[in-house]
Amino acid sequence: MLSTTYAIQGFLFFLAHPSLWLAALCPFLLVIVCSIASTLAVFIVLYPGFSILLVKQAQWAPGWAWTLGFFVALVLSALVSLILFAALPPAYLDVVFRKTLLLRGGPAADLLRRQANGDDKVGASCAQNCGACIKVSIFIRIAIAILTFPIHAVPVLGTFAWIYLNGACMMWEYHQSWFDLYNVGYIKQKAYIKTNWSQYWQAGMLAQALEMIPLFNWLFCWSNAVGAALFVADLEASGKFPSEMPPPILTSDSREQLMAPGQAEAGGVYGTSR
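In the annotation of an unreviewed UniProt entry, the entry for the protein reads Etoposide-induced protein 2.4-domain-containing protein, and the organism field reads Catenaria anguillulae PL171. A UniProt comment under Subcellular location (unreviewed entry) is attached to the protein, and it reads "Membrane".

Right under this line is the structure:
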């Protein structure tokens, strides 16, 4: 499968599975609810309090004080909404990524089921996972995005180079949850990405380009998470596991023991006993 097509595959897979729509809709509704609540709090509590403070302490005329207070409250509520919009949806991208792995099936899906059923041997420690995530998301992706931004000054080629460099890092960031399942820290992640760099930049370039499209980037960030999960499934199918040993293939008996009641009928396990 061509690595460059995962962004398209993810978009089509996302459209074909309504359960993924709900995962994407949840943070959108949450942002709206939180924005309304924060706006009400700002205008009901902070707006009159700030205006009265200007009148009593700064000796402002009431008209000017309440006018300034209104604009301050307006800017503050907009800022809170912007922060919520920037912070909440990315936290749900991992939910879409994991749901896609479960829908696609494979060793990673089995590990997710084991993790959901309390197997503490699955996944990295919280400190290890957070450390790797911070290094990839902040020290690598954001740093590269900022440092390489000036190359946009070179028409066409500069933008192409920027997408090339940042696309692979974006795909690496999407795969943090997968690396966590295999207890793979930052150093091993870096080595794995280096070994499979050509596939990562090919998969990430189109995904990065789609997220640069105004207005539609909201939709593509979700479908790219789906595409990243499909990329994982194909990597595992080709034997390219992030750790030295692949996860054990569950038997039908162990599968039913690991799954929660009612899940066993859903199937989707990667293999059978050998």
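Caption draft 1: Broad picture of the environment of Leu46. Note that Leu46 resides in helix α2 (residues 18-56). Of the residues examined, Leu46 reaches a relative accessible area of 44% and is grouped as partly exposed. Separated by 27 residues in the primary sequence, Leu46 and Ala73 place their C-alpha atoms 7.1 Å from one another. The contact partners of Leu46, leaving out residues within four places of it in the chain, are Ala41 and Leu76.

Caption draft 2: Looking closely at helix α10 (residues 217-237). For α10, which comprises 21 residues, the first-to-last C-alpha distance of 30 Å matches the rise-based estimate of 30 Å (1.5 Å per residue) to within 8%. Most of α10 sits inside the fold, with 17 of its 21 residues counted as buried. Phi turns positive, to about 85°, at Gly239, one or two residues after α10.

Parameters and conventions
- Residues numbered from 1 in each chain as written.
- Predicted model: local features only at pLDDT ≥ 70, side-chain atom pairs only at ≥ 80, totals over all residues.
- Heavy atoms only, no water.
- UniProt positions renumbered as here; feature names shortened; annotations may be inferred.
- Helix = DSSP H or I, 4+ residues; strand = E, 2+ residues; numbered from the N terminus.
- Buried < 20%, exposed > 50% of the residue type's maximum accessible area, 1.4 Å probe, protein only.
- Contact = heavy atoms within 4.5 Å.
- Expected span 1.5 Å × (residues − 1).

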